[in-house]
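Analysis of the macromolecular model
Now for the letters of each chain:
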Amino acid sequence: MPPLLKMENISIVFGGLTAVESISFEVEKGRIVSLIGPNGAGKSTVFNIISGIYSPTSGSVYFLEKDITGDRAYKITGYGIARTFQNIRLFKNLTVADNVRIGCHSRSRAGFMGAVLRAGRVKGEERGITDRAKESLAVVGLADKSEDLAKNLSYGDQRKLEIARALASSPELLLLDEPAAGMNAGEKQGLMEMIKAISHMGVTILLVEHDMKFVMGISDHIIVLDYGQIIASGTPEEVQNDPVVIEAYLGKEAD
Ligand SMILES: Nc1ncnc2c1ncn2[C@@H]1O[C@H](COP(=O)(O)OP(=O)(O)O)[C@@H](O)[C@H]1O
Ligand SMILES: [Mg+2]
């Protein structure tokens, strides 16, 4: 089985700054893989490269062996890669359900022309979208809040709504950028169970998260970035006991 995602010698330079330097890693289907490292290490930049927001300066991204390097974000969503953002991006004045329905459209076959030319099929698709939105909301436990405005949700629920929206595009690979940020201990525990449930549904997860207990408790594999380079990679146990990691990352965190 080829890896679901393969990053090969990826670098990106902003102005004079090399934010990500020649990194290579693979994500196998069905795994929960975490990307950790100090602030500014390049984690979100890696997500932006995978999801088509940035085009790398050099290197290649493969999704199921297809070279997707530099493809536009909407195309990447269409291939089956969805993401959430480190800073919540919701339509605050739309309902919870409508925020999720927007996610469904990213991967639906009906584009603008489809809406004009194939009205019948589009109607069927609209029903499909409503069903998918409902399913996604049920997965994150927000089914009973579907008619609330996004802005009226608690912070933790807004983060869950972002996950629901990403799920609504039926991704094979889900990128989560600091999903537990700002959550209390109880919410984090719930989120961990939710991510495991999503994983059991067959969705492969790539996660950026600062909470070490969270990362160690959920990951099959961990990749450690520092100054744009991979300094360690392994199981939670291996990474936790790696002196290089303790020095570069856990050491800084303790400061
Ligand atoms: N669009 C951009 N323009 C210039 N510099 C950027 C841009 N995006 C990220 N960077 C820089 O790249 C580095 C890595 O940032 P980022 O990936 O956000 O780190 P992390 O998510 O690990 O905290 C930082 O030095 C950041 O300032
Ligand atoms: Mg970041």
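What comes next concerns the included structure. All values reported here derive from a predicted model rather than from experimental measurement. (Residues numbered from 1 in each chain as written. Chains lettered and ligands numbered in written order. Predicted model: local features only at pLDDT ≥ 70, side-chain atom pairs only at ≥ 80, totals over all residues.)

**A word on the overall build of the chain**
- When you go through the chain residue by residue, the secondary structure sums to ten helices and ten strands.
- Counting only residues that meet the buried cut, the chain has 39% of its 255 residues in that class. (Helix = DSSP H or I, 4+ residues; strand = E, 2+ residues; numbered from the N terminus. Buried ≥ 20, exposed ≤ 12 C-beta atoms within 10 Å, placed from the backbone.)

**Considering the nonpolar core**
- Ranked by internal contacts, the top residues of the largest apolar core, which has 65 residues, are Ala-164, Leu-174, Ile-205 and Val-224.
- Considering every element that reaches this core, the biggest residue donor is helix 6 (residues 155-167), with five residues.
- There are two domains that each give this core at least three residues, and those are domain 1 (12-80 + 171-254) and domain 2 (91-154). (Core = buried A, V, L, I, M, F, W, Y, C linked by C-beta atoms within 7 Å. Domains from an automatic or database assignment.)

**Considering the pairing of strand 7 (residues 173-177)**
- The buried fraction of strand 7 is high, at five of five residues.
- As paired strands, strand 6 (residues 81-83) and strand 7 are joined by three bridges and run parallel to one another. Its bridge partner being in strand 7, Ala-82 is matched across the sheet by Leu-174.
- In the sheet, strand 7 pairs with strand 8 (residues 204-208) via five bridges, with the strands oriented parallel. From the neighbouring strand, Leu-175 faces strand 8, where its bridge partner is Leu-206.
- Once the chain exits strand 7 it traverses helix 7 (residues 185-200) before rejoining the sheet at strand 8, and the crossover so formed is right-handed. (Pairing = 2+ DSSP bridges. Right-handed = clockwise from strand over helix to strand, strands pointing away.)

**Details of the site of ligand 1**
- Residues in contact with ligand 1, as listed here, are Phe-14, Leu-17, Ala-19, Gly-37, Asn-39, Gly-40, Ala-41, Gly-42, Lys-43, Ser-44 and Thr-45.
- Elements with a contribution of two residues or more to the shell around ligand 1: strand 2 (17-27) and helix 1 (43-50).
- The dominant element in the shell around ligand 1, judged by the number of residues it contributes, is helix 1, at three residues.
- A class-by-class count of the residues in the shell around ligand 1 yields four nonpolar, six polar and one charged. (Near = placed C-beta within 6 Å. Nonpolar A, V, L, I, M, F, W, Y, C, P; charged D, E, K, R; others polar.)

**Details of helix 6**
- With 13 residues, helix 6 ought to run about 18 Å at 1.5 Å a step, and its terminal C-alpha atoms sit 19 Å apart, in line with that.
- The buried count for helix 6 comes to ten of 13 residues, which makes it a mostly enclosed element.
- Residues of helix 6 that are buried include every one of Gln-158, Arg-159, Lys-160, Leu-161, Glu-162, Ile-163, Ala-164, Arg-165, Ala-166 and Leu-167, and no others. (Expected span 1.5 Å × (residues − 1).)

**A short note on unusual backbone geometry**
- Here the phi dihedral of Ser-22 falls at roughly 50°; this positive angle occurs in a residue that is not glycine.
- Assignment of secondary structure puts Ser-22 in strand 2.
- Ser-22 gets classed as partly exposed once you count the C-beta atoms within 10 Å, which come to 14.
- The residue Glu-65 is not glycine, and still its phi comes out positive at about 70°.
- For Glu-65, the location among the structural elements is in the loop between strand 4 (58-63) and strand 5 (66-67).

**As for the sheet that holds strand 10 (residues 229-234)**
- The strand order across the open sheet formed by six strands is 6-7-8-3-9-10, and the pairing between neighbours is mixed. Each edge of the open sheet is held by one strand with a lone partner, namely strand 6 and strand 10. Averaged over all pairs of adjacent strands, the angle between their axes in this sheet comes to 20°, without regard to strand direction.
- As judged from the four bridges shared by strand 3 (residues 32-36) and strand 9 (residues 221-226), these two strands associate in the parallel manner. Along strand 9, the bridge assignment pairs Ile-36 with Val-224.
- Its contacts with the sheet place helix 7 against strand 3, strand 7 and strand 8, and it is angled at close to 150° to strand 8. (Axes fitted to C-alpha atoms, helices over the stretch in contact; angles between N-to-C directions. Contact = placed C-beta atoms within 7 Å.)

**Overview of the pairing of strand 3**
- A large share of strand 3 lies buried, amounting to five of its five residues.
- Residues Ile-32, Ser-34 and Ile-36 line one face of strand 3 and the alternating positions Val-33 and Leu-35 line the opposite face, and both faces are buried.
- The sheet contact formed by strand 3 and strand 8 spans four bridges and is parallel. In the strand pairing of strand 8, Val-33 is matched with Leu-206.

**Quick notes on the sheet that holds strand 4**
- Strand order in this open sheet of four strands is 2-1-4-5, and the pairing throughout is antiparallel. Two strands lie at the open edges of the sheet, namely strand 2 and strand 5, each paired on one side alone.
- In the sheet, strand 1 (residues 5-14) pairs with strand 2 via seven bridges, with the strands oriented antiparallel. Looking at strand 2, one finds that Val-13 is bridged to Thr-18.

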